[in-house]
Each structure stands twice: as C-alpha cells, then as structure tokens.
Amino acid sequence: MSGGEGTVPAVGAGIPAREYPVTARAPGKAILFGEHAVVHGRPELLLAIDLHTQVTAHRAAAWSLNRRTAAVRENPYLAALLADAGPGGRPLALTAVSRLPRASGLGSSAAFVAALLAVVAAGSGGSGRAALAGRGYAVERAAQGGVGSPGDTAATVFGGLLAINGGPGPVLWEASDGKRSWAVRRVADPGWTWVIGYSGTPHDTAATVRAVGRRLARPDGEALLDRFAAVAGDGIRAVAAEDRDRVGALLDENQRLLAEIGVSTPRLEELLEAVRPASAGAKLTGAGAGGSVVVLPRAGREIEAVRRLARAGAIALAVRTAPGGVTLLEPPDPEGEAAPPAEGP
Ligand code: MEV
C-alpha cells in the first residue's frame, strides 16, 4: 500500500433514523481503470468525486418528484425503488438537485438512487451502509434492464477511492448477480486533483454495456478482458504507490483498450488530444459512447488542463475525492434559527 501521504478513510456511520423533512447528498464517481471489464468480473478502480446529488423528502399524501406525481412512474429509478419496496411505504414529496450532468459517465443515477434510499431509510429506522449499497445495486440493475456492475453504487455509498475485485486489504462490501461477484476494497488515496471533461453528449449505459458484451463474445474476448485486468491491476498498485507517471501511462493504455472495444468516439478522442500537453494520462470514464473524459494532470497544471478542455468545448471541472459516501445533511439548529440577530455595538 501507500508509503506516502495517502489516507484510507474508515467506513462512515450508516444512515441514522430521522424525522422528516430529511435531506441526503450523495457523490458522483469517476472510473480510473476497468470500466466495462468490471461488468465481466474483472478489476476496476474508481473514486467518489466532490460533485453531489441532493434529495430532500417531506411527508405527503402522494409520492412525487420535483412536484410531479407522474415522475414516480416515469423515472425508472424511482419506479424500481418503489416496486422493490412494495406497497405500504408512506408517500414522500421528493425534490432532487444535482451538480452531475445526466448520463455523463459521472454516476448521476447511482448518486440519485443512494440519496433517495437514504431519505427513505431515515424515515424507517435508518440503515447500515452495506444494506443501503445492496438495495442501491438492486434498484440500479432493475432500472438498467438487469445489466451492470455494483461499482458506481459502491462509490456513492462508501465514498473515497475503491478497488473492485482487486487490491489488498479487507473487503468492505460484496455483491453478486448470481453469475459474477464483486468484492469492494479501499485504496489509499494520494489526494490528487483530477480533471473531468464532459463532452456534452449523453450516453445510454445499458445499451453500451450490451454492445460491449457482444464485442467480448468474439473469440478474442477473454484475451481482451485479461488485458483490461492487467492494466487495472497495475493501475491500482501505481495509484497506491502515488506514482503519477506510471498512473498516467496506464490511463493512456486503458484508453487504447476502450477504443478497441468500440466505446471511444471522435469527440472523446478530440478532448483527449486537446488536453494532452497538460496531462500525465487521460481516458474516457464510464460507459463511453459519449459522456466524459478523466485526466490526471501533470503536477501543477490542473488549471491548464481545465482550460484546454473548456477551449475544446467540454464542460470542464477540477475534482477531488469525496472521502465519505452518501450522508444526511444536519437539520437546521432550531435554537440557532430562533436566536435574535446579534446587535451591533
Ligand atoms: C458505468 O459507469 C461503468 C460500466 O462499467 C458499467 C457498470 O460497471 O455497471 C460501463
């Protein structure tokens, strides 16, 4: 593991019981190594990022989302959650706001589901993190037509830097879809700033995962997956060792593999080219076929990387690891609220 300044945050406390109204916020994610291959049980490294989705819940006569009752049927994640919970749950009026663009590869759906589950759990006695992650993964899979790994769910529920099916150390959470299983472990976080560039083109994760599945069903599929696994395994070790140059080279190598399985696009390649002078390494992040790129900037050139991506037309942001996962916001202090304003001299 890391011999440097990396930190491994402990698993935060679960979601406590609370009276409504309740607000929860859940972080998005960026995948550094192993997207797509993780769906087939291979290793992945990803981090929770400090861009959040926030959901507030009030008791109400009927379920609604952002004041629309129809959204309960139309929003696949909310519909899957309510189908999973069964009848009997008392209705909530939900409002959701997010800094994560939808379908951008940054985990907006997993964050929405985690924040939703957290506000529901708060009103029914609270929940441990592993239980919340289990439900989040079930809801995400159901909403995505039964495809996908639990990586995005793990990042938003536990926070920090996480290895799936790789890395040393104790297992934080395990999930299975009956055919494959995934063990989630913490990785020491070097505390680097990463740069994200959203291409502005949303993608369809489930369709992309299915297309990659067809590509990997060809005779060279297993060999390709082994190459993904080798890069991700090396990547997990290089990040833990805080070896920026090696991590950068491995990000570029992972990108070449993603291009080989058909999920890169001319637009994503254009963004990667634009940021190259300021980048130690970069790749698409998430499902691809649109979505975002993640860049490890050369040390001290973070702002230049943001500028280069923005000039190439991306929505560019510098992000850091969100160390904790989904959490409830503290309710306003009633005494503080009632206190009269301080008088001037
Ligand atoms: C999506 O964020 C990452 C994929 O690997 C799908 C998944 O793991 O569920 C493409």
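So, here's what we can say about the structure. (Residues numbered from 1 in each chain as written. Predicted model: local features only at pLDDT ≥ 70, side-chain atom pairs only at ≥ 80, totals over all residues. Heavy atoms only, no water.)

Around the ligand lies a shell formed by Lys 29, Ile 31, Glu 35, His 36, Val 38, Val 39, Gly 148, Ser 149, Asp 152, Val 209, Gly 286 and Ala 287. In this structure, an oxygen atom belonging to the ligand sits 2.9 Å away from a main-chain N or O atom of His 36. For the ligand, an oxygen atom lies 2.9 Å from a polar atom in the side chain of Asp 152. Coverage of the ligand by the protein amounts to 96% of the 300 Å² it exposes when considered alone. In terms of residue class, the shell around the ligand is made up of five nonpolar, four polar and three charged. (Near = heavy atom within 4 Å. Polar contact = N/O pair within 3.5 Å; in protein donor to acceptor, adjacent residues only side chain to side chain. Areas by Shrake-Rupley, 256 points an atom, 1.4 Å probe, with all protein chains shown as cover. Nonpolar A, V, L, I, M, F, W, Y, C, P; charged D, E, K, R; others polar.)

Before going further, it helps to spend a moment on the packing of helix α7 (residues 221–240) against helix α8 (residues 244–260). The interhelical angle for the contact between α7 and α8, taken along N-to-C directions, is 160 degrees, at an axis separation of 9 Å. If you check the angle between α7 and α8, you find them roughly antiparallel. The crossing of α7 and α8 is left-handed. Judged by residue contacts, Leu 224, Arg 227, Phe 228, Val 231, Asp 234, Gly 235, Ala 238 and Val 239 of α7 engage Arg 246, Val 247, Leu 250, Glu 253, Asn 254, Leu 257, Leu 258 and Glu 260 from α8. Of the residues belonging to the contact of α7 with α8, the class tally is nine nonpolar, two polar and five charged. (Axes fitted to C-alpha atoms, helices over the stretch in contact; angles between N-to-C directions. Helix = DSSP H or I, 4+ residues; strand = E, 2+ residues; numbered from the N terminus. Parallel < 35°, antiparallel > 145°, perpendicular 65-115°, else oblique. Left-handed = near helix turned anticlockwise from the far one by under 90°. Contact = heavy atoms within 4.5 Å.)

A few words on the packing of helix α3 (residues 108–122) against helix α5 (residues 151–158). As a packed pair, α3 and α5 sit with axes 9 Å apart at the nearest point and diverge in direction by 50 degrees. Between α3 and α5, the angle falls in the class oblique. Here α3 and α5 pass one another in a crossing that is right-handed. In contact with Ala 110, Ala 111 and Ala 114 of α3, α5 contributes Asp 152, Thr 153, Thr 156 and Val 157. Class assignment for the residues of the contact of α3 with α5 results in four nonpolar, two polar and one charged.

Further remarks concern the pattern of salt bridges. In the structure shown here, the tally under the stated rule is 15 salt bridges. The partner of Arg 68 in a salt bridge is Glu 74, with the nearest N and O atoms 3.0 Å apart. Classification of Arg 68 as partly exposed rests on a relative accessible area of 43%. Measuring nitrogen to oxygen at the nearest pair gives 3.0 Å for the salt bridge that ties Asp 220 to Arg 215. Owing to a relative accessible area of 12%, Arg 215 belongs among the buried residues under this scheme. Each of Arg 42, Glu 222 and Asp 226 takes part in a single network of salt bridges with overlapping partners. (Salt bridge = Lys/Arg side-chain N within 4 Å of Asp/Glu carboxyl O. Buried < 20%, exposed > 50% of the residue type's maximum accessible area, 1.4 Å probe, protein only.)

Helix length check: helix α6 (residues 205–216), at twelve residues, gives a terminal C-alpha distance of 16 Å against a target of 16 Å (1.5 Å per residue), a fit within 8%. Those residues of α6 that fall on the buried side of the exposure criterion are Ala 206, Thr 208, Val 209, Val 212, Arg 215 and Leu 216. Against the buried residues of α6 lie α7 and α8. Sitting at the head of α6, Asp 204 places a side-chain oxygen 3.2 Å from the backbone nitrogen of Ala 206. (Expected span 1.5 Å × (residues − 1).)

What follows is about the packing of aromatic side chains. Tallied over the entire structure, the rule returns three aromatic pairs. Ring geometry for Phe 158 and Trp 173: centres 6.1 Å apart, planes at 40 degrees, overall tilted. Taken together, the residues span a long stretch of sequence, with Phe 158 in helix α5 and Trp 173 in strand β6 (residues 171–176) at a distance of 15 residues. The same class applies to Phe 158 as to Trp 173, namely buried. (Phe/Tyr/Trp six-rings, centres within 6.5 Å; stacked < 30°, edge-to-face > 60°.)

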